[in-house]
Amino acid sequence: MMGAHLLGAATTLTWLSLASYGTAVLERLIAPEGAGRRSVRALLQPAAVALRLARARPISPRRPDGSLFHSAPVVAAAAVALAAWVVPFGPSIIANDTPIGLFIFIVVLGPVVVALANAGWGANGKYGLFACLRAISHIVAYEVVLGFAILGPAMAAESLSLVRIVEAQHQWWFGVWQPLGFALYLVSALMASYRRPFDTPLAGSEIAGGVSAEYSGPALLLLRGALAALLFLVAAVGAALFLGGWFGPPVVGPLLPGWAWMLVKTYALVAFLLWVGRRTPRFGHEQMLAFSWKVVLPLSFVNLGVVGILILLRG
Amino acid sequence: MKDETVFAIILTQWAIFLALAGLTVAGAATMLLTMSMYRAGLFLMVSFVAAAGLFFVLGADLLGIIQVMMSVSGMLIMMAFMVMLMIDPGGEMMWDMKRQMRLPGLGALSMSMPRRPAPVPSSAPPDDVGAAQSDVARRSDALTSGASPEGTSYTCPMHPEVQMPTAGECPKCGMDLVPDERVSAQPAQESGDGMNTMTAMSPAAHYDMMVAMAMSTEQLPWALVAGLLTAILLGVLVIQTPWPTVPVSATADATSAVGELLLSRYMMAFEGAAMLILAGIAGAVILGRRERAPEPNQGTASAALPPAVQHTMLEETTMTHHDEKQSGKGEWTCPMHPEVRSPTPGACPKCGMELVPAESPKQRGNEGTRR
């Protein structure tokens, strides 16, 4: 029994690493500048970066809050791996099919915030301190909104299990008749994955990388990998909630197996999110909070009302 | 199911239960002991999350996940406020000093600093901390070797340059002064950051200084006593429960039975809390809508005027009301002297300004409050 669990954990970590590698490749392809942008070299460039980071000598900042600082990347990676535990890639390709999988997914994004806050706080520097506060502002911004955005599919499928929700979409994808909910989910997904335009805890040009400012070597690799995997997972859940999961489009559906459709949709969403980030100016954290609570949250109430009426009309 | 399997499951459950329960208690205890408010929040979060793990073990996973969500986001927000709102977030300064002096241990109780540190070779001290320590060592050496100390004076733990003949408060920071143990041969200005004074302090002076600086630890002994009493009480309750209990036989399903009981009882509490929060939001929205400019009244504009003028003004405004009721608008008034009313345009008899058409008092009041 223990061996099966270990095997499952190893499998999850392996495919999660591969998936985050794919995310990094996509990021390179969409990047505005830098090595390997929009060329074949993008396929290998993240590997080169990872190799360089893994071999680099870690440099510790001056007098960090040791345990917090050094544990933060591990905590972030562990929380992301826990989130991967409940994401389905097929009717049976899921590590843990619980009846409250969707809820668990949202909740375990919280420890990621804790890890980022610890990373910033433990670094014993001004950039890190600001990034710590900004990271905490993220959970205030995204958690409620994300919860309301996923309520639409949960209401339509009458379940919090991601497998049930996907199976409820074998005819109509929820994204088709809940476009507002889909858009709100994507906005809160950007907030929850610290991607532009909501990337102030990591803002490279503004506070020198924020929470990752003081990391180097393998720890930085782990932190970046966790963040890339986080984006992938958030996109995967978006695909499962709104794009029909492993069900292909009507005509070309049988061409690919279910998990391949899920991968295609997930990476399409990842690319879309990265592209949106490229095209949008960065939100300050206070702007993000105001946007989240004054615009997105009321819109999600509207969305809930519309979805409820549609469900009632459908009977 | 075979007996050995059931036994193994029960044993595993007990092991996990004990580990999580220990983590819950340890998290709460460390929260009391740590000097750093940030860490205190983290430890409390760990304690809550471990308690949520207990719910998971009992099979009440929805309850557990709700607990994780509430404690993680709540504690994070609390930590953010503590960091943002306090200059010294509940002892963060002390915590930082402790780190800078490389003192081991995580709690306030391990704050006892070396009174006489080991002598450091004076050639090329490794860094500033080493320098401070060797400085202290030299001074301690001087103290023990009989250098004449100056007459009893008092100094501030943080501002060693302050020298007072009597006990009292530091004129710079308001802290209680402590007896100066420094030797006269050592100029006060040399110990720039006050670290030397701290290392040369007695444990009691130390604790007083910690309390004076850390804001949150004065209640520490009481908190420890209260925590101990609570632990004893809980132990007594577990051993000798005064209310009727349901005997649950030790089977593999027993935990989930307890979990279902928990879920059925506590979900009501959670729903009640959610209702309260919703009611609070609704109340805030309603109150927020009320929070407009106050009803314009005629007295506000005249509050600064002498009573006699106010009186005439009141009369005139009431008169204006009558006029408006009878003949509508059509009065002229001075922009500077609203008590002046004239049926025809012209110059103000008081200041000579041109009269302007009079507005109704209500409009005036509105403009005043909007501004």
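No experiment lies behind these values; they were computed from the predicted model shown.

Asks: It is not clear to me how the overall build of chain B should be interpreted in this structure. Could you clarify?
Replies: When its secondary structure is counted, chain B shows 11 helices and five strands. Considering only contacts in chain B between residues 6 or more positions apart, those separated by 24 or more positions represent 52%. Entry remark: accessible area of chain B is about 22,700 Å², with carbon and sulfur atoms responsible for 66%.

Asks: Just to check I follow, could you spell out the sheet that holds strand 5 (residues 356-357) of chain B for this structure?
Replies: Residue and element names in this part refer to chain B. Taken in spatial order, the three strands of this open sheet run 4-3-5, and their pairing is antiparallel. With partners counted over all chains shown, the strands left at the sheet margins are strand 4 (341-342) and strand 5, one partner each. Where strand 3 (residues 332-333) meets strand 4, two bridges bridge the pair, whose relative direction is antiparallel. Residue pairing for strand 4: Trp332 is matched across the bridge by Ser342.

Asks: Explain the pattern of salt bridges to me, please; I cannot follow it from the model alone.
Replies: Any two side chains of opposite charge can pair, on the condition that their charged atoms come close. Residues and elements named next belong to chain A. The final tally for this structure, using the stated rule, is three salt bridges over all chains. In this structure, Arg195 and Glu27 form a salt bridge, with 3.0 Å as the shortest nitrogen-oxygen distance. One end of the pair, Arg195, is in the loop between helix 9 (179-192) and helix 10 (218-242); the other, Glu27, is in helix 1 (residues 2-30), with 168 residues separating them in the sequence. For the salt bridge of Arg282 with Asp199, the shortest nitrogen-to-oxygen distance reads 2.7 Å. Here the residue Arg282 occupies a position in the loop between helix 11 (258-279) and helix 12 (285-314), and Asp199 occupies one in the loop between helix 9 and helix 10, the gap between them amounting to 83 residues. Relative accessible area serves as the criterion here: at 26%, Arg282 is assigned to the partly exposed category.

Asks: It is not clear to me how helix 11 of chain A should be interpreted in this structure. Could you clarify?
Replies: An α-helical turn contains 3.6 residues, so any two residues separated by three or four positions project in the same direction. Between the first and last C-alpha of helix 11 of chain A there are 32 Å, a value that for 22 residues agrees with the 32 Å anticipated at 1.5 Å per step. Of all the positions in helix 11 of chain A, only Ala260, Trp261, Met262, Lys265, Thr266, Leu269, Val270, Leu273, Leu274 and Gly277 of chain A are classed as buried.

Asks: Help me out: how do you make sense of the environment of Leu228 of chain B in this one?
Replies: All names here are of chain B. Along the polypeptide, Leu228 turns up in helix 8 (residues 220-239). Judged by its relative accessible area of 57%, Leu228 is exposed. For the pair Leu228 and Ala29, spaced 199 residues apart in sequence, the C-alpha separation works out to 10.0 Å.

Asks: Would you mind showing me how to read the confidence of the model for chain A here?
Replies: Mean pLDDT for chain A: 85, with 97% of residues reaching 70 or above. Confidence scores differ between elements of chain A, with helix 1 of chain A showing the lowest mean pLDDT of 80 and helix 9 of chain A the highest of 93.

Asks: Just checking my understanding: could you explain the packing of aromatic side chains for this structure?
Replies: The geometry of two aromatic rings is summed up by the distance between their centres and the angle between their planes. All names here are of chain A. Evaluated as defined, the whole model comprises 16 aromatic pairs over all chains. When the centroid spacing of 5.7 Å and the interplanar angle of 85° are considered together, the rings of Phe174 and Trp177 count as edge-to-face. Residue Phe174 and its partner Trp177 are located together in helix 8 (residues 174-177), separated by three residues, close to a single helical turn. Owing to a relative accessible area of 1%, Phe174 belongs among the buried residues under this scheme. Here Tyr185 and Phe242 contribute two aromatic rings whose centre-to-centre distance is 5.8 Å and whose plane-to-plane angle is 45°, an arrangement assigned as tilted. In this pair, Tyr185 is assigned in helix 9 and Phe242 in helix 10, connecting sequence segments 57 residues apart. When sorted by exposure, Tyr185 lands in the same class as Phe242, which is buried. By way of ring pairs, the aromatic residues Trp15, Phe89, Phe232 and Tyr267 are connected into one cluster.

Asks: Sorry if this is basic, but what is going on with unusual backbone geometry here?
Replies: Residues and elements named next belong to chain A. In this chain, Arg196 is followed by Pro197 through a cis amide linkage whose omega measures 5°. Within the secondary structure layout, Pro197 lies in the loop between helix 9 and helix 10. Of note, Glu158 is a non-glycine position whose phi angle comes to about 55°, a positive value. One can find Glu158 in the loop between helix 6 (126-157) and helix 7 (162-167). Not every positive phi belongs to a glycine, and Tyr194 is a case in point at roughly 55°. Relative to the assigned elements, Tyr194 resides in the loop between helix 9 and helix 10.

Asks: Explanation requested: the interface of chain B and chain A in the structure shown.
Replies: In many reports, interface size means the accessible area that the parts give up when they come together. Between chain B and chain A, the residue contacts involve 24 residues of the former and 25 residues of the latter. Each partner contributes to the roughly 2,100 Å² buried at the junction of chain B and chain A, and carbon and sulfur atoms together form 73% of this total. Joining chain B to chain A, the criterion identifies zero salt bridges. Applying the counting criterion to the chain B and chain A interface returns four residue pairs in polar contact (both at pLDDT 80 or more). Per element, the largest residue contribution to the side of chain B that touches chain A is 13 residues, and it comes from helix 3 (residues 61-85) of chain B. Of the residues belonging to the side of chain B that touches chain A, the class tally is 16 nonpolar, two polar and six charged.

Asks: Hey, could you run me through a nonpolar patch on the surface in this one?
Replies: Residues and elements named next belong to chain A. A cluster of nonpolar residues, Val295, Leu299, Val302, Val306, Ile309, Leu310 and Leu313, forms a patch on the protein surface that exposes about 590 Å² of accessible area. One can find Val302 in helix 12. Note on Val302: relative accessible area 47%, which makes it partly exposed.

Asks: Can you walk me through the nonpolar core in this structure?
Replies: Side chains of a nonpolar character, in soluble globular proteins, are inclined to be buried together. Residues Phe105, Tyr185, Leu233 and Leu241 of chain A together with Tyr38 and Leu76 of chain B are the most contacted members of the largest nonpolar core, which totals 121 residues. The dominant element in this core, judged by the number of residues it contributes, is helix 10 of chain A, at 17 residues. For Leu76 of chain B, the contacting residues outside a window of four places in its chain are Gly110, Val113, Val114, Ala117, Ile136 and Ile139 of chain A together with Met45 of chain B. If you look at the next biggest cluster of nonpolar residues, it comprises six residues, including Cys156, Met158, Met175 and Leu177 of chain B.

Asks: I would appreciate a short explanation of the packing of helix 10 of chain A against helix 11 of chain A in the present structure.
Replies: For any two helices packed against each other, the geometry comes down to the angle between their axes and how far apart the axes lie. All names here are of chain A. It is at 8 Å that the axes of helix 10 and helix 11 come closest, and there the two elements cross at 120°. Crossing geometry of helix 10 relative to helix 11 is assigned as right-handed. Residue-level contacts link Leu231, Phe232, Ala235, Ala236, Gly238, Ala239 and Ala240 of helix 10 to Met262, Leu263, Lys265, Thr266, Tyr267, Leu269, Val270, Leu273 and Leu274 of helix 11. Residues of the contact of helix 10 with helix 11, tallied by class, amount to 13 nonpolar, two polar and one charged.

Scoring rules and cut-offs
- Residues numbered from 1 in each chain as written.
- Chains lettered and ligands numbered in written order.
- Predicted model: local features only at pLDDT ≥ 70, side-chain atom pairs only at ≥ 80, totals over all residues.
- Heavy atoms only, no water.
- Helix = DSSP H or I, 4+ residues; strand = E, 2+ residues; numbered from the N terminus.
- Contact = heavy atoms within 4.5 Å.
- Areas by Shrake-Rupley, 256 points an atom, 1.4 Å probe, with all protein chains shown as cover.
- Pairing = 2+ DSSP bridges.
- Salt bridge = Lys/Arg side-chain N within 4 Å of Asp/Glu carboxyl O.
- Buried < 20%, exposed > 50% of the residue type's maximum accessible area, 1.4 Å probe, protein only.
- Expected span 1.5 Å × (residues − 1).
- pLDDT = per-residue confidence, 0-100.
- Phe/Tyr/Trp six-rings, centres within 6.5 Å; stacked < 30°, edge-to-face > 60°.
- Buried area = accessible area lost by both parts, 1.4 Å probe.
- Polar contact = N/O pair within 3.5 Å; in protein donor to acceptor, adjacent residues only side chain to side chain.
- Nonpolar A, V, L, I, M, F, W, Y, C, P; charged D, E, K, R; others polar.
- Patch = residues over 30% accessible without salt bridge, like charges linked within 9 Å, V, L, I, M, F, W, Y side chains within 5 Å.
- Core = buried A, V, L, I, M, F, W, Y, C linked by side-chain atoms within 4.5 Å.
- Axes fitted to C-alpha atoms, helices over the stretch in contact; angles between N-to-C directions.
- Left-handed = near helix turned anticlockwise from the far one by under 90°.

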